[in-house]
Amino acid sequence: MPDITSNIFGPAELGSKGSALLVDPYDTAEIKKAMIKIITDNNFRSELIRKGLARAQEFSWDKTAGTTLKLINSICSDEKG
């Protein structure tokens, strides 16, 4: 499924590398234009889907757990200091 998401903060990071169509969340005309592009441009939609699936592969619960554990260990090491 192709994604349209906010061009600010966390959603922009998740939609990076062309994996989502980034729009100003306060600009309804821009959101409408993005929706029309996804509906009418089959090649663009297919490319967004391909890139979105590739981007999703960069995330996993194991990776999140490992990163969180490293952060916790770092904080605990700093406190012992």
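Our subject is the structure listed above.
Before going into details, it helps to say that this report is about the structure given with it. Since the model is a prediction, treat every value here as computed from it, not as a measurement.

## Focus on the layout of surface pockets
Thinking step 1. Taken as a whole, the largest pocket holds about 180 Å³ of empty space.
Thinking step 2. The wall of the largest pocket is formed by 15 residues, among which Asp-3, Leu-14, Ser-19, Gly-52 and Arg-55 lie closest to the centre.
Thinking step 3. Of all the secondary-structure elements, those providing two or more residues to the lining of the largest pocket are helix H1 (9-14) and helix H3 (42-56).
Thinking step 4. Looking at the lining of the largest pocket, the element that brings in the most residues is H3, giving six residues.
Thinking step 5. Tallied by class, the residues present in the lining of the largest pocket amount to nine nonpolar, four polar and two charged.

## Topic: the packing of aromatic side chains
Thinking step 1. Within the structure shown, the criterion is met by zero aromatic pairs.
Thinking step 2. Between the NZ or CZ atom of Lys-37 and the centre of the ring of Phe-44, over which it lies, the distance is 4.6 Å.

## Quick word on the pattern of salt bridges
Thinking step 1. This model, assessed by the stated rule, comprises four salt bridges.
Thinking step 2. The shortest N-O distance in the salt bridge between Glu-47 and Lys-51 comes to 3.8 Å. With Glu-47 and Lys-51 both in helix H3 and four residues apart, the pair spans about one turn of that helix.
Thinking step 3. By relative accessible area, Glu-47 is classed as partly exposed at 32%.
Thinking step 4. Accessibility expressed as a relative area gives 28% for Lys-51, which makes it partly exposed.
Thinking step 5. For Arg-55, the salt bridge is made with Glu-58, and the minimal N-O distance between the two is 2.4 Å.
Thinking step 6. It is possible to trace a salt-bridge network through shared partners that takes in Glu-47, Arg-50 and Lys-51.

What counts and what doesn't
Residues numbered from 1 in each chain as written. Predicted model: local features only at pLDDT ≥ 70, side-chain atom pairs only at ≥ 80, totals over all residues. Heavy atoms only, no water. 1 Å grid on protein atoms, 1.4 Å probe; cavity = no way out; pocket = protein on both sides within 12 Å on 5 of 7 lines; lining within 4 Å. Points joined across faces, edges and corners; volume = space filled by probe spheres on them. Helix = DSSP H or I, 4+ residues; strand = E, 2+ residues; numbered from the N terminus. Nonpolar A, V, L, I, M, F, W, Y, C, P; charged D, E, K, R; others polar. Phe/Tyr/Trp six-rings, centres within 6.5 Å; stacked < 30°, edge-to-face > 60°. Lys NZ or Arg CZ within 6 Å of the ring centre and 35° of its normal. Salt bridge = Lys/Arg side-chain N within 4 Å of Asp/Glu carboxyl O. Buried < 20%, exposed > 50% of the residue type's maximum accessible area, 1.4 Å probe, protein only.

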